[in-house]
Amino acid sequence: MKADVAVIGTGVMGSNLARNLARQSGHRVAVYDRDVERAQKLAADFPEADFLVASDPADLAGKLAEPRVAILMVNAGTATDSAISDLAEAFAPEDIIVDGGNSHFQDTIARGQRLEGTGIEFAGVGISGGEVGALLGPSLMVGGSDAAWQRLRPLLEPIAAKAKEVPCVDHIGSDGAGHFVKMVHNGIEYADMQLISEAFTLLRDGLGMAPAEIAEVFAEWNTGELESYLIEITADVLAHTDAETGAPFIDIVADAAKAKGTGAWTAQTGLALGVPVPTIAEAVFSRSLSSAVDLRAEGLRLAGPRPGAAATTSSDERAARIAEIGNALLLGKVMAYVQGFHEIAAGAREHGWDIDLGALAGIWRAGCIIRARLLDRIVEAFNAETRPKNLLAADYVRDVAERCQESLRATVVRAIGHGIAVPGLASTLSYYDGLRTEAGSAALIQAQRDRFGSHTYARTDRPGIFHTLWSGDRSEVEI
Ligand code: 6PG
């Protein structure tokens, strides 16, 4: 019997996705890897999956029912390009090649264009949920044509995570749309991780709490409005003890965070689109700063308060501070979503995608790394009868702001006073205050631009574009 779908690349993500497909979709799955032994080992380790192992792309094409569907689970970049060229030679018109990696959406658009003449469909699918998600139910963001979506849907719906019985998979839009929203998902993930880590640092260095005590705070937060996968795993990580030394695990992990690029892409795309995503960008910069070894070695000699100096507080005060940090975290998280959805709306306009933001928030409620209770409220907001123009206009966001802005402000002020770096929280607060400022610092910037470069300006009192003749008689001309 021929296979209905193939998975190319049998690393952990590919293997787990292939096993999920074999178990849940009721379809026969073929597997192929350039390292054929690795694919053979997968088939041998999981005989119940009944995988068909292909030895090369031509063999794979012969093992697949037509029209064929193949899902690439290989590294983004050149590995993806060469896997696509290999398959394109063996495949025929109407076959579909799916890229399930973290590819840049612009690469996905270009790859689709390159395949256009061949009649082979190309679909870029964002897959979130890590190794466990791939095996038990990821969140899937599908980009590509309607025709491709119709064919992929019966394969993907059974393997996706379920949020309130609804599969977390949707057709986001044509070509790069799926990878675009996956990129922003990761940007929000970076922001969320940064904010959580700052909350941890404030509890440790500002309140002098031990990792095990902080784990309890996170576990408690995970029973309320902050409930989310990332908060849950944070509690777990902080409660863990290093087997070798008996020390809290977090104390033996080197203070340097790595990144594979999707957060930087989200920030770069925000810059290119003119969309402010400061919390996401700060999260990327913070990882870079953490790894800037030479600079940090010099930095240790810089003047300023040392964290830890302010550890003594009464238990009531401590409880109040913990609650304050929790509120700051909640508003930060919500603002990261505001930034992410702003970028998605702008990207959709730029690329002609009709992205349903409510449906997207819906498929992020389970399976993916940023799954969180508050996404239910974001779904409600986008699906309300009078749809908010942007997430900031949603009643829920205004309500969180009302409840938490004082806490965010107090937390940032305290952190700054104690010399504790909180770039995520501080930039979120500046973003927040920037949004609510009627007349800020931009008027002077625009005036300076007109003064040195005749860049013109708009007036507050009447429409039009104007320039002042600064080097002449300083009269104003309308352009
Ligand atoms: C997911 C994740 C995943 C990503 C990792 C690591 O949604 O399952 O976003 O796709 O690769 O989170 O990302 P960094 O290495 O850049 O932190």
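Residues numbered from 1 in each chain as written. Predicted model: local features only at pLDDT ≥ 70, side-chain atom pairs only at ≥ 80, totals over all residues.

## Let's talk about the overall build of the protein
Here is step 1: Assigned secondary structure in the protein consists of 20 helices and 12 strands.
Here is step 2: Expected size for 479 residues packed as a compact globule is a radius of gyration near 23 Å; at 25 Å, the protein falls within 12% of this value.
Here is step 3: Overall, the C-alpha framework of the protein stretches about 75 × 70 × 50 Å when taken along its three principal axes.
Here is step 4: Expressed as a percentage of the 479 residues in the protein, the buried residues total 46%.
Here is step 5: Contacts in the protein between residues far apart in sequence, at least 24 positions, make up 68% of those at least 6 positions apart. (Helix = DSSP H or I, 4+ residues; strand = E, 2+ residues; numbered from the N terminus. Rg over C-alpha atoms; globule rule 2.2 N^0.38 Å. Buried ≥ 20, exposed ≤ 12 C-beta atoms within 10 Å, placed from the backbone. Contact = placed C-beta atoms within 7 Å.)

## Details of the nonpolar core
Here is step 1: One finds A6 and V31 to be the most contacted residues of the largest nonpolar core, which totals 137 residues.
Here is step 2: A total of 15 residues in this core trace back to one element, the largest contributor, which is helix 8 (residues 177–206). (Core = buried A, V, L, I, M, F, W, Y, C linked by C-beta atoms within 7 Å.)

## Description of the pairing of strand 6 (residues 121–128)
Here is step 1: Counted residue by residue, strand 6 has eight buried out of eight residues, so it is predominantly covered.
Here is step 2: Burial of the side chains of strand 6 extends over both faces: E121, A123, V125 and I127 are buried on one face and F122, G124, G126 and S128 on the other.
Here is step 3: Note that strand 5 (residues 96–99) and strand 6 share four bridges and pair parallel. Across the sheet, residue I96 finds its bridge partner in strand 6, namely E121. (Pairing = 2+ DSSP bridges.)

## Observations concerning the environment of G187
Here is step 1: Here G187 is to be found in helix 8.
Here is step 2: Judged by C-beta crowding, with 30 C-beta atoms within 10 Å, G187 ranks as buried.
Here is step 3: When the C-alpha atoms of G187 and E324 are compared, they prove to be 25 Å apart, with 137 residues separating the residues in sequence.
Here is step 4: If we ignore the near neighbours within four places in the chain, the residues touching G187 are G263, T266, A267, V277, I280 and G340.

## Comments concerning the sheet that holds strand 5
Here is step 1: Strand order across the open sheet formed by eight strands is 3-2-1-4-5-6-7-10, with mixed pairing between neighbours. Pairing within the sheet leaves two strands with one partner each, and these edge strands are strand 3 (52–53) and strand 10 (169–173).
Here is step 2: Lying on the sheet, helix 1 (residues 12–24) is in contact with strand 1 (5–8), strand 2 (29–32) and strand 4 (69–72); it crosses strand 1 at an angle near 165°. (Axes fitted to C-alpha atoms, helices over the stretch in contact; angles between N-to-C directions.)

From the geometry alone we can't say anything about function, so treat these as descriptive.
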